[in-house]
Amino acid sequence: MQPFLELVAALHLEDVRFVLIGVAGANYYAPTGASRFFTQDRDLFLPRDPDNLVRAWRAADRSGFSLWCAREPLDSPRDLWLAEHIVAQRALTQAQREAAPPIDFTLVMGEFEFEAVWSARRTFVDENVGVPVALLSHIVESKAQAGRPKDDHFLNAHRAELASWFGPVPHLDRPECRGDNDTGPDRPSPPENSRPDP
């Protein structure tokens, strides 16, 4: 099993709430046989909940990942006090394992609140592991909101592919996205290996 999926399984065992976002999340919406976007990392969006973050760190540790913050090993003990400080700063922690892409635990996804993303998530089954993924519209919108050069480049370079996966995506043609996440007639059916979550 891929190290990423090992960690996802461990997060479920610890009852961690999280959703996969970014390019890796967008790839789960690729139609069967379509090429996927290259990415070297995985981004997991977590709520600003210190208890949840402590459980995420514990799952990473038990899965053989080392934890980092600001390019330095994460302090110990990895307890509620430390998690409260990380959450207050909205700091990113990263799980690393040899020969595996880094996995970021982020508390920020553009202007989105976690509960809105969580309630609309879809779960994809990958090697018998359920992977909760943000809606593609949320992923695209958050990248437009970020305004970083790498995000602008991704949206501009892959506009046609995203539109072919997603159907009409009018907010791709605007400086910022509108947050349109309804399920109108122009939207394609969800991929066969996904399901909405309650």
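Residues numbered from 1 in each chain as written. Predicted model: local features only at pLDDT ≥ 70, side-chain atom pairs only at ≥ 80, totals over all residues. Heavy atoms only, no water.

> Is there a simple way to think about the pairing of strand β3 (residues 66-69) in this case?
Regular strands show a simple pattern: their side chains alternate between the two faces of the sheet. Residues Leu67 and Cys69 point to one face of β3 and are all buried, whereas Ser66 and Trp68, pointing to the other face, are not buried. Two strands pair when backbone bridges link them, and β3 and strand β5 (residues 93-96) are joined in this way by 4 bridges, in the antiparallel orientation. Residue Leu67 lies in a different strand from β5, and its bridge partner there is Ala95. Bridge count between β3 and strand β4 (residues 72-73): 2 bridges; the pairing is antiparallel. In the strand pairing of β4, Cys69 is matched with Glu72. What sits between β3 and β4 in their antiparallel hairpin is a turn of 2 residues, with Ala70 showing a positive phi close to 55°. (Buried < 20%, exposed > 50% of the residue type's maximum accessible area, 1.4 Å probe, protein only. Helix = DSSP H or I, 4+ residues; strand = E, 2+ residues; numbered from the N terminus. Pairing = 2+ DSSP bridges.)

> Help me out: how do you make sense of unusual backbone geometry in this one?
Leaving glycine aside, a negative phi is the common case for residues, and trans is the common case for peptide bonds. A cis amide bond links Ser76 with the next residue in sequence, Pro77, at an omega value of 0°. By secondary structure assignment, the location of Pro77 is in the loop between β4 and α4 (80-89). Located in the positive-phi region is Ala99, a residue other than glycine, with phi close to 65°. For Ala99, the location among the structural elements is in the loop between β5 and β6 (103-106). Despite not being glycine, Glu127 shows a phi value in the positive range, around 50°. Position of Glu127 relative to the elements: it lies in the loop between β7 (122-126) and β8 (129-133).

> For this particular structure, what's the right way to read α4?
Along an α-helix, residues three or four apart share an orientation, since each turn contains 3.6 residues. Looking at α4, one finds that the buried residues are Leu82, Ala83, Ile86 and Val87. All buried residues of α4 lie within an arc of 135° about the axis, which places them on one face of the element. Opposite the packed face of α4, turned more than 90 degrees from it, sit the exposed residues Trp81, Ala88 and Gln89. If you follow the buried residues of α4, they end up packed against α3 (50-62), β3 and β5. Within two residues after α4, Arg90 carries a phi angle of roughly 55°, on the positive side. (Arc of directions from axis to C-beta. Contact = heavy atoms within 4.5 Å.)

> Explain the environment of Asp126 to me, please; I cannot follow it from the model alone.
Its location among the elements puts Asp126 in strand β7. Note: C-alpha distance between Asp126 and Leu5 (121 residues apart in sequence) is 7.8 Å. With sequence-adjacent residues up to four places away left out, Asp126 is seen in contact with Gln2, Leu5, Tyr28 and Val131. Of the polar contacts made by the side chain of Asp126, one reaches the side chain of Tyr28; its length is 2.7 Å. (Polar contact = N/O pair within 3.5 Å; in protein donor to acceptor, adjacent residues only side chain to side chain.)

> Looking at this structure, how should I read the side chain of Thr106?
For Thr106, the location among the structural elements is in strand β6. Apart from residues lying up to four places away in sequence, Thr106 is in contact with Ile21, Leu44, Phe45, Leu46 and Leu92.

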